[in-house]
Amino acid sequence: MDLLEYTLYGPTDGFPVMSLGGSPSTRWKRPDVVEIIMESGLRLAVPDRPGYGGSARRPGRTVADAADDVAQLADALGWSTFAVTGGSGGGPHALACAALLPDRVTCCAVVGAIAPLTTDGPEPTEDDEASDPRQSLTAWLAVHDPARFRARFAAGSEQIMAAVAAGGPEFPPAPGSPPGPPARDDAAAMARLTATFGSGSADGCLDDNVAFGTPWGFDLADVRVPTTIWHGTADERAARHAVLLTEAMPAAESVQYAGGHVPPPAAYREILEWLRGATNGADPRR
């Protein structure tokens, strides 16, 4: 198996953390995020999952396969133990590591994560998605109609990049906050956006969603390391999935922060502080 492409952030002597990105995502982080990581004292490895960035695609991969990928990357880095975190679509992959690598993973924090999805029935409607958080048109299309999935991915990506071209920021501001500077004026920001939403990410995002909508390959009840399920006050879908996840993992705790799907700086600092504290056997929020 080819080793995943990855980037390291944070002080070289910081406790190691595997950070698994969303669907889609890139290993390249914004400067403000890098600054928070440096302040945390943690050493984060951020890999591109197969099909993203420089990591070779692996069609048919399951969520559970992430554990083997992460274990091999940790071996290459010389990490015997490490914490794991995952945002949005990275959440299930982080939970796979927590369940399948209990002797190596010290703790797990997932943010805006999803629970297992169902794709067995007919194409879900908006009402289906509203009534049952396990219903997802995106995952259903990935499993049953990949061509439509790709068209939908391309349309969404074009909409995002058109807003950027019109002077929008790299990242939508938190509710009530002013927007950041135009991303089109920042070559590094445009490179991150292209890596995330360019056509090269379609394969990775398709494979992610097939994995989300088919058996994950592990039992959530096997997650026994200290685990927190974070979600924003403005992220109703993630809140509903947090209920499903905590029901499936009795030892996991649900934590809410003020914000949307992606945590604002204060919440991201709190998540990294929790990882550092839980690694040392304490919860700094208590």
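See the structure above.
Quantities reported herein were computed from a predicted structural model and do not represent experimental measurements.

Draft legend 1. Broad picture of the overall build of the protein chain. Helices and strands together make up the secondary structure of the protein chain, namely ten helices and seven strands. For the protein chain, the C-alpha radius of gyration of 18 Å lies close to 19 Å, the compact-globule estimate for 286 residues. Across its three principal axes, the protein chain shows a C-alpha extent of roughly 45 × 45 × 40 Å. Residues classed as buried in the protein chain amount to 48% of the 286 residues present.

Draft legend 2. Structural context of the pattern of salt bridges. Inspection of every chain in the model, using the stated rule, returns 16 salt bridges. One salt bridge connects Arg269 with Glu39, and the closest N-O pair in it is separated by 3.3 Å. Of this pair, Arg269 sits in helix α10 (residues 265-279) while Glu39 is found in helix α1 (residues 31-40), placing the two residues 230 residues apart along the sequence. Since its relative accessible area comes to 33%, Arg269 is described here as partly exposed. Between Arg148 and Asp145 there is a salt bridge whose closest N-O contact spans 3.8 Å. Asp145 gets classed as partly exposed once you look at its relative accessible area, which sits at 23%. Each of Arg57, Arg150, Asp203 and Asp207 takes part in one network of salt bridges that share partners.

Draft legend 3. Geometry of helix α8 (residues 202-212). Of all eleven residues making up α8, nine are buried, and the element is well covered by its neighbours. Buried within α8 we find Ala202, Gly204, Cys205, Leu206, Asp207, Asp208, Asn209, Ala211 and Phe212. Contacts from the buried residues of α8 go to α3 (90-100), α5 (137-144) and α6 (146-165).

Draft legend 4. Summary view of the nonpolar core. In this structure, Met18 and Phe218 are the most contacted members of the largest nonpolar core, which totals 40 residues. Of all elements in the fold, only β2 (15-20), α2 (65-77), β4 (82-87), α3, β5 (105-111), α8 and α9 (236-248) reach the threshold of two or more residues within this core. With six residues, the top contributor of residues to this core is α3. Residue contacts for Phe218: discarding those within four places in its chain leaves Val63, Ala64, Pro92, Leu95, Ala96, Ala99 and Leu100. Leu44, Val46, Ala109 and Leu272 belong to the second-largest nonpolar core, a separate cluster that totals 22 residues.

Rules behind the numbers
Residues numbered from 1 in each chain as written. Predicted model: local features only at pLDDT ≥ 70, side-chain atom pairs only at ≥ 80, totals over all residues. Heavy atoms only, no water. Helix = DSSP H or I, 4+ residues; strand = E, 2+ residues; numbered from the N terminus. Rg over C-alpha atoms; globule rule 2.2 N^0.38 Å. Buried < 20%, exposed > 50% of the residue type's maximum accessible area, 1.4 Å probe, protein only. Salt bridge = Lys/Arg side-chain N within 4 Å of Asp/Glu carboxyl O. Contact = heavy atoms within 4.5 Å. Core = buried A, V, L, I, M, F, W, Y, C linked by side-chain atoms within 4.5 Å.

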